[in-house]
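# An overview of the molecular structure
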Amino acid sequence: MHFGTSLAGLESLVPSGAELTRLWTGGTWTEGPVWIAERSAVRWSDIPGDRILEYSVASGESSVYAEGVEFTNGRILDLDRAVIQCSHGLRRVELDAGGEVTALVDRFEGRRLNSPNDVVVSKDGSVWFTDPTYGIINANEGHLGSQEYGGCFVFRFDRSSGELTAVITDMEQPNGLAFNPDESTLYVSDSSAAHHNIRAYPVSGTEIGPGRVFAEIESGASDGFRVDTEGNLWTSSADAILVFDPDGTRLGRIPIPEAISNLCFGGADGRDLFITATTSLYHLPTLARDASTLWRS
Ligand code: MG
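These notes cover the structure that comes with them.

### Considering the pairing of strand β23 (residues 240-244)
- Of all 5 residues that make up β23, 5 are buried, and the element is covered over most of its length.
- Pairing of strand β22 (residues 233-235) with β23, which is carried by 3 bridges, proceeds in the antiparallel orientation. By the bridge assignment for β23, W234 is matched with V243.
- In this structure, the hairpin formed by β22 and β23 is closed by a connection of 4 residues.
- Between β23 and strand β24 (residues 250-255), which pair antiparallel one after the other, the connecting turn spans 5 residues, and G248 there sits at a positive phi close to 90°.

### Describing the nonpolar core
- Counting residues in hydrophobic clusters, the biggest one holds 20 residues, and the most contacted among them are V14, W234, I241, I254, I256 and I275.
- Look past the residues within four positions of I241 in its chain and what remains in contact with it is W234, T235, G252, R253, I254, I256, I260, L263, L273 and I275.
- L95, V119, V121 and F155 belong to the second largest nonpolar core, which has 19 residues in total.

### Here's the deal with the coordination of the magnesium ion
- Donor atoms from the polypeptide that bind the magnesium ion are E31 (OE), N117 (OD1), N175 (OD1) and D223 (OD), placed at 2.0 to 2.2 Å.
- In primary sequence terms, the donor set of the magnesium ion follows E-x85-N-x57-N-x47-D. Of this pair, E31 sits in strand β2 (residues 30-36) while N117 sits in the loop between β11 (111-112) and β12 (119-121); the two residues are 86 residues apart in sequence, bridging distant segments of the chain.
- In this structure E31 comes out as buried when scored by relative accessible area, which is 3%.
- Using a relative accessible area of 2% as the deciding quantity, one classes N117 as buried.

### Quick word on the packing of aromatic side chains
- Applying the stated criterion to the full structure yields 13 aromatic pairs.
- Between F108 and Y149, the aromatic rings sit 5.6 Å apart at their centres with planes inclined by 80°, giving edge-to-face as the arrangement. With F108 in strand β10 (residues 107-108) and Y149 in the loop between α1 (134-137) and β14 (154-158), this pair connects stretches of sequence that are 41 residues apart. Pair check on accessibility: F108 and Y149 agree, each one buried.
- Between the aromatic rings of F214 and F244, the centroid separation amounts to 6.1 Å while the plane-to-plane angle is 65°, which identifies the pairing as edge-to-face. Of the two residues, F214 is situated in strand β20 (residues 212-216) and F244 in strand β23; the sequence distance between them amounts to 30 residues.
- You can call F244 buried: its relative accessible area is 4%.
- Three or more aromatic residues joined by ring pairs form one cluster here, namely F108, F129, Y149, F153 and F155.
- Over the ring of Y65 we find R43; its NZ or CZ atom is 3.7 Å from the centre of that ring.

### Observations concerning the pattern of salt bridges
- In this structure the tally under the stated criterion is 13 salt bridges.
- In this structure, D78 and R159 form a salt bridge, with 2.8 Å as the shortest nitrogen-oxygen distance. Here D78, found in the loop between β6 (72-77) and β7 (83-87), pairs with R159, found in the loop between β14 and β15 (163-168); they are 81 residues apart in sequence, far enough to count as distant.
- For E148, the salt bridge is made with R112, and the minimal N-O distance between the two is 3.1 Å. Separated by 36 residues along the polypeptide, E148 in the loop between α1 and β14 and R112 in strand β11 bring together distant segments of the chain.
- On the accessibility criterion, E148 (31% relative accessible area) is partly exposed.
- Overall, the relative accessible area of 33% leaves R112 in the partly exposed class.
- A cluster of three or more residues bridged by salt bridges with shared partners is formed by R39, R43, E54 and D96.

Definitions and cut-offs
- Residues numbered from 1 in each chain as written.
- Predicted model: local features only at pLDDT ≥ 70, side-chain atom pairs only at ≥ 80, totals over all residues.
- Heavy atoms only, no water.
- Buried < 20%, exposed > 50% of the residue type's maximum accessible area, 1.4 Å probe, protein only.
- Helix = DSSP H or I, 4+ residues; strand = E, 2+ residues; numbered from the N terminus.
- Pairing = 2+ DSSP bridges.
- Core = buried A, V, L, I, M, F, W, Y, C linked by side-chain atoms within 4.5 Å.
- Contact = heavy atoms within 4.5 Å.
- Donors = N, O, S within 2.8 Å, 3.2 Å for Na, K, Ca; no water.
- Phe/Tyr/Trp six-rings, centres within 6.5 Å; stacked < 30°, edge-to-face > 60°.
- Lys NZ or Arg CZ within 6 Å of the ring centre and 35° of its normal.
- Salt bridge = Lys/Arg side-chain N within 4 Å of Asp/Glu carboxyl O.

Here's what the structure looks like:
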């Protein structure tokens, strides 16, 4: 798919004449992409297909990394470059270290989590994740079940102490999340039917202040997103990637042929954008890099 000349408003972020390429298709609902430099590959979930796939840049081929994976969703790298991922089926956040998968956290105050959806790691190594209900209310995305702790929170998990803290409790269906470059703001999207927005919460150490609406999503919802080194937020929506500057001004939109779930930066120079959208994985060259690669390089 050619965009022709530069996408309006995004001239400094997407090269002129950039081409959107579909790298793979055949999924049901794809989500949770992460770039794994050591494998020169992007890994993602096909949630209803209950499998994890990888696209190798070297071979240009996609392959099944694992099957019967208990409906994994979002993933990110930790400070040791192991993969941390959300499991709807096991209602937990887990670690995949070289193929060995172990639980990180699955309970809050003794009660099971709902179905962790998306996850980020902060500079201190703590694990922040959202816990909406999608994996316990949709039979094709997990196992039907009930809410045990009575909310849909955003949590911070301290791996050294094992302490799980509810940091945001005022959202309906918290979904995607990412920090701004200096980690003074945590962005979280709410994909509930009532909201469809991204909120910004001030962060001070482990403390979170009151949130404000950062951006409204007009077409569909923001499921997952990333923040680049300049603080611009690149989010999914129903029909386009939307890019917002740090003030919440929408800089532009990048049309995608399928409803988008999530995206990540990667590639040799970190400027390739990989996009999971319904049945497919897409690629777009950009001029931006993920803010979090600053401390992971
Ligand atoms: Mg999500």
